[in-house]
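The lines below spell out each chain.
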Amino acid sequence: MKARILRTKLRITMLEQKTMREFLLHIKCTVDALGLCGDHILPREHLDAVLEGLLEEYGLVISMIESKFEPLLIGEVEALLLAHEAHMKRFLKHFAISP
């Protein structure tokens, strides 16, 4: 029963008002909790949970990740997403300062 609740939580987790780091940590904690319940998540399921929870602004990054012939490791995907978030923040900050 707990595993079913955790799997549902994994499917409905969205980035929304969280930072990328918070979002990724939330997903990882849920995946780890499932593992402790004996319901181990495959790397592809972990990746799908991350990608499905992202916002529209991450569309290009999602396309790049999904177009790879060899699947990226979750750590590589997390690094790409954190870098993309930082780039967007710099862009928005620069845009807000520009006359």
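Throughout what follows, the structure given in this document is the object of discussion. Just so we're clear, the structure is a prediction, and the values are computed from it rather than from any experiment.

Rules of the game
Residues numbered from 1 in each chain as written. Predicted model: local features only at pLDDT ≥ 70, side-chain atom pairs only at ≥ 80, totals over all residues. Heavy atoms only, no water. Helix = DSSP H or I, 4+ residues; strand = E, 2+ residues; numbered from the N terminus. Expected span 1.5 Å × (residues − 1). Buried < 20%, exposed > 50% of the residue type's maximum accessible area, 1.4 Å probe, protein only. Arc of directions from axis to C-beta. Salt bridge = Lys/Arg side-chain N within 4 Å of Asp/Glu carboxyl O. Contact = heavy atoms within 4.5 Å. Axes fitted to C-alpha atoms, helices over the stretch in contact; angles between N-to-C directions. Left-handed = near helix turned anticlockwise from the far one by under 90°.

Quick notes on helix α2 (residues 20-36)
Every α-helix winds through 3.6 residues per turn, so residues three or four apart in the chain are directed the same way. Taking 1.5 Å per residue, 17 residues should reach 24 Å; α2 reaches 24 Å between its end C-alpha atoms and fits that length. Looking at α2, one finds that the buried residues are Met20, Phe23, Leu24, Ile27, Thr30, Val31, Leu34 and Gly35. Seen along its axis, α2 keeps its buried residues to an arc of 145°; they face one direction. In α2, the exposed positions angled more than 90 degrees off the buried face are occupied by Arg21, Leu25 and Leu36.

A look at the pattern of salt bridges
By the definition in use, this model includes four salt bridges. Note that glutamate 45 is salt-bridged to arginine 7, the shortest N-O span being 3.2 Å. Placement of glutamate 45 in helix α3 (residues 43-52) and of arginine 7 in helix α1 (residues 2-12) is noted, with a sequence separation of 38 residues between them. Residues aspartate 48 and arginine 44 are paired through a salt bridge, measuring 2.9 Å at the closest nitrogen-oxygen approach. Of this pair, aspartate 48 and arginine 44 both sit in helix α3, four residues apart, which is roughly one turn of that helix. The exposure class assigned to aspartate 48 is partly exposed, which follows from its relative accessible area of 24%.

Observations regarding the environment of alanine 49
In this structure, alanine 49 sits in helix α3. When the C-alpha atoms of alanine 49 and threonine 30 are compared, they prove to be 10 Å apart, with 19 residues separating the residues in sequence. Every residue in contact with alanine 49, bar those within four places of it in the chain, is listed here: Leu10, Phe23 and Ile27.

Remarks on α1
What α1 keeps buried is the set Ala3, Leu6 and Leu10. Angularly, the buried residues of α1 cover 60° about the axis, an arc narrow enough to put them on a single face. Those residues of α1 that are exposed and aimed more than 90 degrees away from the buried face are Arg4, Ile5, Arg11 and Ile12.

Notes on the packing of α2 against α3
Between α2 and α3, the least distance of the axes is 10 Å, while the angle of their chain directions is 145°. Here the hand of the crossing between α2 and α3 comes out right-handed. Facing α2, whose interface residues are Phe23, Leu24, Ile27, Lys28 and Val31, α3 presents His46, Ala49 and Val50.

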